[in-house]
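Listed below, chain by chain, are the residues.
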Amino acid sequence: MAISILRSIRPTSKWQDSLIRIRLGQRVVIDSEETWSPDMLDQVVWCGPDGIYKFPGSDQYLVPGANVGCLVARIGNGKAFAVGSRYDFLAKEAGVIFFAMNEDPQRNSQAGKILTQVIVFESESN
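Remember, predicted model here, so these are calculated numbers, not experimental data.

Engineer: I tried to follow the sheet that holds strand E7 (residues 86–90) on my own but got confused; where do I start?
Structural biologist: Backbone-to-backbone hydrogen bonds join strands into a sheet, with any given pair of strands oriented parallel or antiparallel. With respect to topology, 4 strands assemble into an open sheet ordered E1-E10-E3-E7, the strand pairing being antiparallel. At either margin of the open sheet sits one strand with a lone partner, and together these are strand E1 (2–9) and E7. Shown here is a sheet whose adjacent strand axes are inclined to one another by a mean of 15°, direction ignored. Summarising the sheet, strand E3 (residues 27–33) and E7 pair through 5 bridges and their orientation is antiparallel. In the sheet register, Asp-31 faces E7, and the bridge partner there is Arg-86.

Here is the structure:
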């Protein structure tokens, strides 16, 4: 059995609480769509949850090496990871899942939103 929850994610590097609690080892599928625009200084660039293709973020970004503007997540205070438009995983830690845009925290001129569906599966042992 699975539970499906929709969340709208704002285009910011600030972590947004999804209010969805994940258990250790639980299977989670995240599907995302729509468009947003990271702060590209003197340009307007729209992208989906996969971010700007072949344009990795530097060390200042939430997930260095992941595409600028991609959807990223973390569970609790754990390590941030790139999610993109679809991510299917077994949780390596427990806690609430947080979302953000892979963006330089010093930039603050973003636009749009990403609609994210989080599907949380019950553990086999439950």
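Anyway, onward from the coordinates.
Engineer: Please clarify how the side chain of Gln-110 should be interpreted in this entry.
Structural biologist: Structurally, the position occupied by Gln-110 is in the loop between strand E8 (95–101) and strand E9 (111–112). Within the structure, the side chain of Gln-110 is placed 3.1 Å from the side chain of Glu-103, a separation counted as a polar contact. Separated by 3.1 Å, the side chain of Gln-110 and the backbone oxygen of Arg-107 make a polar contact. Setting aside residues no more than four positions away along its own chain, Gln-110 makes contact with Pro-11, Ser-37, Pro-38, Asp-39, Met-101 and Glu-103.

Here is what the cut-offs are and how they apply
- Residues numbered from 1 in each chain as written.
- Predicted model: local features only at pLDDT ≥ 70, side-chain atom pairs only at ≥ 80, totals over all residues.
- Heavy atoms only, no water.
- Pairing = 2+ DSSP bridges.
- Helix = DSSP H or I, 4+ residues; strand = E, 2+ residues; numbered from the N terminus.
- Axes fitted to C-alpha atoms, helices over the stretch in contact; angles between N-to-C directions.
- Polar contact = N/O pair within 3.5 Å; in protein donor to acceptor, adjacent residues only side chain to side chain.
- Contact = heavy atoms within 4.5 Å.

Shape descriptors only; they carry no functional weight alone.
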